[in-house]
Structure formats: structure tokens, C-alpha cells
Amino acid sequence: MNAIKQEEAPQGDVEALLPWHAAGTLSRRDAQRVEEALARDPELARRYDLVREELGETIHLNETLGAPSARAMEKLFAKIDAEPARKAARSFNLGARVSEWFASLTPRTLALSASVAVLAILLQAGFIADIVLKDRSAEYGTASAPTSDPGVGEFTLIRFAPQASADDITKFLAANKLQVAAGPVAGGFYRVRVADTKLPKEELGRIVKKLQDDKVVSFIATVQ
Amino acid sequence: MQTTSDEVLIGRIAGGDRLAMQVLFARHHVRVYRFVLRLVRNEATAEDLISEVFLDIWRQAGKFEGRSAVSTWMLGIARFKALSALRKRPEEELDDEAAEAIEDQSDDPETALAKKDKGSVLRQCLTKLSAEHREIVDLVYYHEKSVEEVAEIVGIPEATVKTRMFYARKKLSELLKQQGIERGWP
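Residues numbered from 1 in each chain as written. Chains lettered and ligands numbered in written order. Predicted model: local features only at pLDDT ≥ 70, side-chain atom pairs only at ≥ 80, totals over all residues.

**Q** Could you give an account of the overall build of chain A, naming the residues involved and the relevant values?
**A** Helix and strand counts for chain A stand at 10 helices and four strands. Going from the N terminus to the C terminus, chain A shows its helices and strands as α-α-α-α-α-α-α-α-β-α-β-β-α-β. Out of the 224 residues belonging to chain A, those deemed buried represent 17%. (Helix = DSSP H or I, 4+ residues; strand = E, 2+ residues; numbered from the N terminus. Buried ≥ 20, exposed ≤ 12 C-beta atoms within 10 Å, placed from the backbone.)

Have a look at this one:
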């Protein structure tokens, strides 16, 4: 470790970036620099193939490590429940507050707000630059696609057990009269409609509990 | 579909929202577990540690300033917990032989090479790297962390991140060479 700290990287700057280029975590400028170097240097391109090989096998290795048991979550929430109740202290982070506010808006409201904002900016620009935008108003309508009101009903976030087959999941959805509304999203979650109308909290709780007990389900939570 | 961002979840957790904690846990616990497991090389310890990591997140959510991604913050906490656990662990438990049980299930290097399975040999060699080298390789390749994020998680300068990654890869090449795979680099 100490030896490493004292040593300097003996390779070129671009070559040092190859692992991050392969993982797709470089800035656009650096990524372009690496791409240009790869295009003109066959030896660098060969070394990049080695990096990509390492990347693939590192992912493979990590994916074979499995996952913790449900005990980890039970243990965590037992500890959380044992914690003293706290005041609803909120983070003062402005960015998080703004994100939360945006997150609280429905997609339709967001689209409408965005449209209004764009229109306001255009009007302002029009006054300043004296530009007439007669023919462009149609472009600034709502961004929401016409839907059959997909937000109605009760929804849950479900992650299916890794060992569940597509057939298992299909049967599970059919047996419980569930509809996949969206997904998969980050974390492998699906947004699943469990009822077409709003349900009393207790009834929704009973449904979630029943679904939770199915071996096809790895994790389930209600969503507002 | 709109997914609640990690930052928003942290804001809600700071306000005591248990459901937000469940969502955050479900979203990240497997990756955090794997990161910790690769460091401590003991499944039971890793499982205990992730409960502690997420308990810290529950307790410290109000202090999260959003200067980095939530996953970067979490991996930083996880790393600290893992290293603390390693320091507490008796010497005999650090025996690498015990750790082999949880490593890649593929063949040992010789057998794998006999089967000409280069990928399997490479994975075996990845498990033979030092904790320091395993950590950086995992952060870059598996956890998709940028140079800046690795620097923040590990607590080293960005230039050292690049250097350490270089030496980890160099060591990997040496291990592969010992197993009869010559990569022609470095």
C-alpha cells in the first residue's frame, strides 16, 4: 500500500482513463479524447480490449456473489424501530427540496408546468428580440401523451425473485389480477397496479401482505 | 414511469419516513452487500454490516448535503464499516483459505486453464488481488464510479486513484501470467 502511494503512474494520461472509458463514467470531453486516441493508436486499442475483458469478468464475479438474506432487512428495521422517535427534521439541502417538490408533481402537472414555462420564456424572448413566433405555438403544447389515465387505482413497486421464471411471473400476475404499469426501472422494480380504484388502507395492506408471501416476490412496497 | 430519486428518498428518510427507507434499501442493498463482502470475505459479517450501514443512513440522512451521489455516500459508509470490522477481527479469521469458500464458484486456475476458460482464470485472479486492489477494481468496473467518486469513497487524491487502478491491473496481469496467460501488457 505504501509502495503504491509513493509511486507515480508510469502510463500515459489517456491510457490511465481506459478503465473509466470502458465503464462509461468519463466526462464527454475525456471520452472524446480517449476515442480519438483509440482510433489512431492500434496498440492502445488492443490494450482497451484487455480493459473491456477485465470489466466483463469483474461484473461476472460480483454477480456470482449472491445477495443477503431477508434477515438483513428484518434486523435493520428492528433496529430502526428501537431508535428513539425523532422530530421531523428535514434536510436543509436546497437541491433535495427542489427535487422533492418536482417529484411530488404528477407527470401531467410537470408537463403542463414545463409548457407554461417554455411559453413564458418565448414570450419574453419575443418582446426583447421583437421576434414573432406565430407558427410555433403548436410545438409548445403539453408533453403528456394521451393516456387512459394510468394514474388511477392502487400501485405497488415489486421486484421479482431472481429465481422466478417468466412463466411464474405471468401466472402470478394473472392469478392476482395484477397489471404491470411500468418497468423495470432502477433496482429491477416494476410498478404494478393492484386495483383499478382507490382502496381503504387496511385492504391495500392485506393485498400487499398476500403478494409478499408469494415466492415470486422478492420485495414489495406500496406507492402513492 | 417516474422513479423517486435517491436524493428525494434521503430527504424523506431524514423526516422519519420508514417506507422511503425500505425503497432505498431494496434499491441498493445487494450492491452494498457485494462491495462489503469483497472486502471482509465473510458472508455473515457482510450481512451484519449492511444492517449497520443502512442504520447509519437512517440516522445521518438529515446531514446528507447532496454534494455527491447517494450511492457514493453509502459506499463510503460501507467501506468505513468494513475496514473497522476487519480491524476488530482476530488474525485467525483473516485466513484466506476460509474466504475462498465465498469466492467465485468457478474452477481453480489450473483446472480452468486446462479447460481453456480464460474468463474463469481471470475471475480467479481477481479474487487473488489485495483488498486495496480488489476495492478499486470493483468500484470502477462494477459500481461504475468515476475517478472523482472513487477518490471520495476511498479518501485519496484523484491522481492516486488512477495510479492505484494501474497497479491493480498490472498485478492482475502478473497473476494471469503465473497461470500461463500472457497478455502482452504492461
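And the narrative resumes.
**Q** Outline the pairing of strand 3 (residues 189-195) of chain A, listing residues and values.
**A** Residue and element names in this part refer to chain A. As paired strands, strand 1 (residues 154-160) and strand 3 are joined by five bridges and run antiparallel to one another. Within strand 3, the position partnered with Ile158 by the bridge is Tyr190. Judged from the four bridges that link them, strand 2 (residues 179-185) and strand 3 form a sheet pairing that is antiparallel. Bridging across to strand 3, Val185 finds its partner in Phe189. (Pairing = 2+ DSSP bridges.)

**Q** Help me get a handle on the environment of Leu44 of chain A, residues and values and all.
**A** Residue and element names in this part refer to chain A. Here Leu44 lies in helix 5 (residues 42-63). Residue classification places Leu44 among the partly exposed residues on the basis of 16 C-beta atoms within 10 Å. Residues Leu44 and Leu18 lie 26 residues apart in sequence; the distance between their C-alpha atoms is 9.1 Å. Excluding its chain neighbours within four sequence positions, the residues that come into contact with Leu44 are Glu15, Ala37 and Leu38. (Contact = placed C-beta atoms within 7 Å.)

**Q** Before we move on, could you go through the sheet that holds strand 2 of chain A and cite the residues and values that matter?
**A** Adjacent strands of a sheet form backbone hydrogen bonds with each other and so pair up, either parallel or antiparallel. All names here are of chain A. Ordered in space as 2-3-1-4, the four strands form an open sheet in which the pairing is antiparallel. The open sheet has two edge strands, strand 2 and strand 4 (217-223), and neither has a second partner. Strand after strand, the sheet turns through a mean of 25° between neighbouring axes, direction not considered. Here strand 1 pairs with strand 4 via six bridges, running antiparallel. (Axes fitted to C-alpha atoms, helices over the stretch in contact; angles between N-to-C directions.)

**Q** Go over the packing of helix 6 (residues 70-82) of chain A against helix 3 (residues 43-60) of chain B with me, naming the residues and quoting the values.
**A** Between two packed helices, both the angle of their axes relative to each other and the distance between the axes serve to describe the pair. As a packed pair, helix 6 of chain A and helix 3 of chain B sit with axes 9 Å apart at the nearest point and diverge in direction by 40°. Like other packed secondary-structure pairs, helix 6 of chain A and helix 3 of chain B cross with a definite hand, here right-handed. Between helix 6 of chain A and helix 3 of chain B, the contacting residues are Arg71, Ala72, Lys75, Leu76, Lys79 and Ile80 of chain A on the first element and Glu47, Ile50, Ser51, Phe54, Leu55 and Trp58 of chain B on the second. (Left-handed = near helix turned anticlockwise from the far one by under 90°.)

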